[in-house]
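Listed here are the chains, written in short residue letters.
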Amino acid sequence: MSRMILTIAFVGATLSISNAQSVPLELDQSTVSVLEIDLAKLKVDDLQSWMNEHAGEFVALPRSNASLADFQPRLDALRQAGADRLVLVWRLQDLLQGTPLITAPTQQPELLSALALPLWKRVFENVQTDTRVVSGWTTFGSSNAIGQLRNDSVKTTDRFTAGLANPQLEFQWIIRFPIESREDLIALWPDSFAPNWLPFTLSPRQMVQDVSSFKLEWSLPPSAAMKMTVETIDVNAANRISGTVQQWIDAQPSWKPSLNVHVHDTTVTILANEKLAEQVFAFLVQTVNRRGDRFQATKALREIGIALHKYHATYGTFPSPAIKNDDGVELLSWRVAITPFINQEALANAMKLDQAWDSNANRMFTEMVVPNFSTPGVVGPKTAIRLPAFPGSMWDGTGKPLTFRAITDGSSNTIAAVIAPSDQVVPWTMPEVWRLDENNLLQSFFVDREEVTVLAFDGAVYVLKKAETTEEQLRGLLTIAGREPVDW
């Protein structure tokens, strides 16, 4: 398994790990967080095998993971170029954006970019990137951060070197508040949470004030383990932290068999068993995948929104849900009609608009994957981008004009298209609408999903959460002239 070291240092550190190779990495004073990955110990195949074996046990885990499969050859190329580790660095000025600097001891920036860019795009979406090579290290990060590095001198410190030198597990995450900034940082935390936010009383400010350093160590499956060590300012602080942790455990009965809390002088140690460590890993996989899926769905719907607007500007109306012949027979999908407006002019010109989607003339196009209609979890030439049909909606088939003027509820308050559930994916050329159950609207819309990405007629994209959406609200968002008050 890999060894990771994550350090939060509000002053910064010069990283010099005892088992690392000879090239040192210098960190400037603005460094906030450092994550080191031992590439020699990173076993992607073992992790993928474990995920496949436990896909049914943890809902968050996919049975196969294309991202991991793609990651392996890029990782091997970086290793072969002599890079023994990756180091991710977050500086104080990067916190709002959340983007790290990713560095490796190699002078081949293209290899580091190949490894980092796919995950970067999945997590940080459209943040532009750049690279820099200095003293045997290549650094990959946002264009703004790399530009600052080129212009600023680096002031370093070795305050965290000792704490990182002897890891017990494969990963380390260390948080330390510097003496120089401690009081200012404490003041940033609230004295209490909102009422009923937690089932017990907790002062975030007091908790931060009690802690001098926090260290989280863990190992990934198939040998999952987790240990937290909290160093406090005195014995009383240690007792307060221990009490807070115990309250948290008591509020989650399922955690009790999995966690043990020990207090020794000013140190509080929390040990998690293998099962809980696996659950935490599965949760992190789910979080990253959900953010990536949401980005992909948002990007796809935004492109559809732009295309619908361009179509309306050209023809004075939105496309009909189906392209029909003179006898009213539905031949092709509305998606075919907007292909000229999504940079697919060649495809639009090649298709036979007077023949059916599954005819011999159009079958080859139906079997093509059109990236603009690709959606999360859908493989091949099908899509989950659907037009929701509901009484009073734009697409209910009543023959009303399909124009902006018809949307008297307002284009910003009305759903145009959605990402449908997995059992409602269709060939992208197939003429259809997604008919929702008027008598069971919420269930037919969300099915087994906790959230759904939708496109409004003004081109904005939203995420509707099942727990926060009422049937009345959803009905108002689907109809175009119902005069219902709506709130995203």
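Below is a summary of the structure that appears in this document.

Conventions we followed
Residues numbered from 1 in each chain as written. Predicted model: local features only at pLDDT ≥ 70, side-chain atom pairs only at ≥ 80, totals over all residues. Heavy atoms only, no water. Salt bridge = Lys/Arg side-chain N within 4 Å of Asp/Glu carboxyl O. Helix = DSSP H or I, 4+ residues; strand = E, 2+ residues; numbered from the N terminus. Buried < 20%, exposed > 50% of the residue type's maximum accessible area, 1.4 Å probe, protein only. Axes fitted to C-alpha atoms, helices over the stretch in contact; angles between N-to-C directions. Parallel < 35°, antiparallel > 145°, perpendicular 65-115°, else oblique. Contact = heavy atoms within 4.5 Å. Nonpolar A, V, L, I, M, F, W, Y, C, P; charged D, E, K, R; others polar. Core = buried A, V, L, I, M, F, W, Y, C linked by side-chain atoms within 4.5 Å. Expected span 1.5 Å × (residues − 1). Bend = angle between axes of the 7 residues up to and from the residue. Phe/Tyr/Trp six-rings, centres within 6.5 Å; stacked < 30°, edge-to-face > 60°.

**A word on the pattern of salt bridges**
Two side chains that carry opposite charge are able to pair once their charged atoms sit near each other.
For step 1, the next point in the chain: For the structure shown, the criterion picks out 12 salt bridges.
For step 2, the next point in the chain: With a closest N to O distance of 3.3 Å, Glu36 and Arg85 form a salt bridge. On the criterion of sequence distance, the pair formed by Glu36 in strand β4 (residues 31–38) and Arg85 in strand β5 (residues 85–91) is long-range, its members being 49 residues apart.
For step 3, the next point in the chain: The buried category is assigned to Glu36, whose relative accessible area is 3%.

**A word on the packing of helix α3 (residues 109–124) against helix α9 (residues 274–315)**
For step 1, the next point in the chain: Relative to each other, α3 and α9 sit at 75 degrees, their axes nearing to 7 Å. Here α3 lies roughly perpendicular to α9, going by the angle between them. Facing Lys121, Arg122 and Val123 of α3, the residues of α9 in contact are Val288, Asn289, Arg291, Gly292, Asp293 and Phe295.
For step 2, the next point in the chain: Here the contact of α3 with α9 is composed, by residue class, of 3 nonpolar, 2 polar and 4 charged.

**Quick look at the nonpolar core**
For step 1, the next point in the chain: Core analysis: the biggest nonpolar cluster contains 41 residues, and Ile304, Phe318, Ile338, Met394, Trp395 and Leu455 have the highest contact counts within it.
For step 2, the next point in the chain: Where this core is concerned, the elements lending two or more residues are α9, β15 (330–333), α10 (334–337) and β19 (415–419).
For step 3, the next point in the chain: Among the elements that make up this core, the one with the highest residue count is α9 (7 residues).
For step 4, the next point in the chain: The residues touching Met394, leaving out its near neighbours within four places in the chain, are Phe318, Pro401, Leu402, Thr403, Ile407, Phe457, Leu478 and Ile480.
For step 5, the next point in the chain: With 26 residues, the next largest nonpolar core counts Trp50, Met51, Met226 and Ile270 among its residues.

**Quick look at α3**
For step 1, the next point in the chain: Relative to the 22 Å expected for 16 residues at 1.5 Å per residue, α3 spans just 20 Å between its end C-alpha atoms, considerably shorter than the ideal helical length.
For step 2, the next point in the chain: The largest bend in α3 comes to about 40 degrees, at Ala116, with the proline Pro118 one to four residues further on.
For step 3, the next point in the chain: Those residues of α3 not exposed but buried are Leu111, Leu112, Ser113, Leu115, Ala116, Trp120, Val123 and Phe124.

**Topic: the packing of aromatic side chains**
For step 1, the next point in the chain: Tallied over the entire structure, the rule returns 13 aromatic pairs.
For step 2, the next point in the chain: Judged by centre distance (5.9 Å) and plane angle (75 degrees), the ring pair of Tyr311 and Phe341 falls under edge-to-face. A residue pair is termed long-range when its members are at least 10 positions apart, and Tyr311 in helix α9 and Phe341 in the loop between α10 and α11 (345–350) qualify at 30 residues.
For step 3, the next point in the chain: For the ring pair Phe445 and Phe446, a centre distance of 5.2 Å and an interplane angle of 80 degrees mean the geometry is edge-to-face.
For step 4, the next point in the chain: Members of the aromatic cluster, connected to one another through ring pairs, are Phe318, Trp395, Phe404 and Phe457.

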